[in-house]
Amino acid sequence: MVKSAFLDTCIFFESALNSKNKTILNHAANINFPLVTSITVMGEAIDQMRKQSDRSRLISSLVRSFDEWNITSLYPDPVVAEICYRLATEGMDYRVENTDRVHLGYALAYGCDLFITSDKNLIKYRVPKNLEDAGFVKPNTITLEEFKEYLN
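Each chain carries its own residue numbering, running from 1 in the written order of its sequence. It should be noted that, the model being predicted, local features are given only for residues of pLDDT at least 70 and side-chain atom pairs only at 80 or more, the latter also being counted only at that level, while totals for whole chains, interfaces and linings use all residues. Hydrogen atoms and water are omitted, and side-chain values are computed over all heavy atoms in the structure.

## So, the overall build of the protein chain
- The helix and strand tally for the protein chain stands at nine helices and five strands.
- Taken from the N to the C terminus, the helices and strands of the protein chain come in the order β-α-α-β-α-α-β-α-α-β-α-α-β-α.
- In summary, the protein chain has a C-alpha radius of gyration of 15 Å against a globular reference of 15 Å for 152 residues, a match within 12%.
- By principal-axis analysis of the C-alpha atoms, the protein chain measures approximately 40 × 35 × 25 Å. In DSSP terms, a helix is any run of H or I states spanning at least four residues, a strand is any run of E spanning at least two, and both are numbered starting from the N terminus. Our radius of gyration looks at C-alpha atoms and nothing else; its globule reference is 2.2 Å times the residue count to the power 0.38.

## A word on the packing of helix H3 (residues 39-49) against helix H6 (residues 98-109)
- Two elements in contact, H3 and H6, have axes whose closest approach is 9 Å; the angle formed by their N-to-C orientations is 150°. Taken together, the residues of H6 that come into contact with H3 (itself represented by Ile 39, Thr 40, Val 41 and Glu 44) are Thr 99, Val 102, His 103 and Tyr 106.
- The residue classification treats Ala, Val, Leu, Ile, Met, Phe, Trp, Tyr, Cys and Pro as nonpolar and Asp, Glu, Lys and Arg as charged. All others, Gly included, are polar. When grouped by side-chain class, the residues that make up the contact of H3 with H6 number four nonpolar, three polar and one charged. Only the stretch in contact is used when a helix axis is fitted, and all axes are lines through C-alpha atoms; the angle between N-to-C directions ranges over 0 to 180 degrees. Two residues qualify as a contact provided that any one of their heavy atoms is within 4.5 Å of a heavy atom in the partner residue.

## Remarks on the pairing of strand S2 (residues 35-38)
- A two-sided burial pattern is seen for S2, the buried positions comprising Leu 35 and Thr 37 on one face and Val 36 and Ser 38 on the other.
- Here three bridges tie S2 to strand S3 (residues 72-74), and the two strands are oriented parallel to one another. When the sheet's bridge partners are listed, Thr 37 is paired in S3 with Ser 73. The rule is simple: take the accessible area with a 1.4 Å probe, protein chains only, and divide by the maximum for that residue type; under 20% is buried, over 50% is exposed, in between is partly exposed. Pairs of strands are assigned from DSSP output, requiring at least two bridges between the strands.

## A look at the sheet that holds S3
- Pairing is parallel in the open sheet, where five strands are placed in the order S3-S2-S1-S4-S5. Every interior strand has two partners, whereas the edge strands, S3 and strand S5 (140-142), have only one. Each strand of the sheet is rotated relative to its neighbour by a mean of 30°, with strand direction disregarded.
- Relative to the sheet, H3 contacts strand S1 (5-7), S2 and S3, its axis offset from that of S2 by approximately 70°.

## Here's the deal with the state of the cysteines
- Throughout, disulfides are identified as pairs of cysteine sulfur atoms within 2.5 Å of each other. All chains considered together, the criterion is met by zero disulfides.
- Free cysteine: Cys 84, not disulfide-bonded; nearest cysteine sulfur from Cys 112 at 12 Å.
- Overall, the relative accessible area of 15% leaves Cys 84 in the buried class.

## Details of the packing of aromatic side chains
- Centres within 6.5 Å make a pair out of two Phe, Tyr or Trp rings, where for Trp the six-membered ring is used; the pair is then stacked when the planes are under 30 degrees apart, edge-to-face when over 60, and tilted otherwise. The full count for this structure, using the stated rule, is five aromatic pairs.
- Taking 6.2 Å as the distance between ring centres and 90° as the angle between the ring planes, the aromatic pair formed by Phe 33 and Tyr 150 counts as edge-to-face. With Phe 33 in the loop between helix H2 (19-30) and S2 and Tyr 150 in helix H9 (residues 144-151), the pair connects residues that are 117 residues apart, well separated along the chain.
- By relative accessible area, Phe 33 is classed as buried at 11%.
- Three or more aromatic residues joined by ring pairs make a cluster, and in this case those are Phe 12, Phe 66 and Trp 69.

## Things to note about the nonpolar core
- Take the buried Ala, Val, Leu, Ile, Met, Phe, Trp, Tyr and Cys residues and link them wherever side-chain atoms come within 4.5 Å; each set so joined is a nonpolar core. Counting residues in each nonpolar core, the largest one holds 47 residues, and the members touching the most others are Phe 6, Leu 7, Phe 12, Phe 33, Leu 35 and Phe 147.
- The dominant element in this core, judged by the number of residues it contributes, is helix H1 (residues 9-17), at five residues.
- In this structure Phe 33 touches Val 2, Ala 5, Ala 28, Leu 114, Phe 147, Tyr 150 and Leu 151, once residues within four positions along its chain are discounted.

## What to know about the environment of Gly 43
- Here Gly 43 lies in helix H3.
- Residue Gly 43 is classed as partly exposed on the basis of its relative accessible area of 39%.
- Counting along the chain gives 34 residues from Gly 43 to Thr 9, while the straight-line C-alpha distance between them is 9.1 Å.

Put into structure tokens, the structure is as follows:
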């Protein structure tokens, strides 16, 4: 049984800009599929959205999505801090943004089974061996379209 699917920042943009993508997440919510994200994703999304010409619509869509999809917000704790530190200092893959490693750190710490993103570098990213050795397994990192297939 799946514990949860972590939503990356890009997913909130994709759902706000494309009704087909929003429908996928509406379906997940309708079948009570557990969706989560971190406060770091929320902050990054708002920061990026406020720079857009249609920022009011984008930010309103973001806020509505939390209620519509019953998204659980993840907060930092000592495990998140340790994992993020290791992701920032060990086995660096510079193709993956610092913020994305932090988002992945939350998903690892909270034991998320899925990580939904459109970032191809993050999909290919390998968790450092010492984290794997400590029992932290990278969630199945998939696109929104793959998530749609997963739900069916």
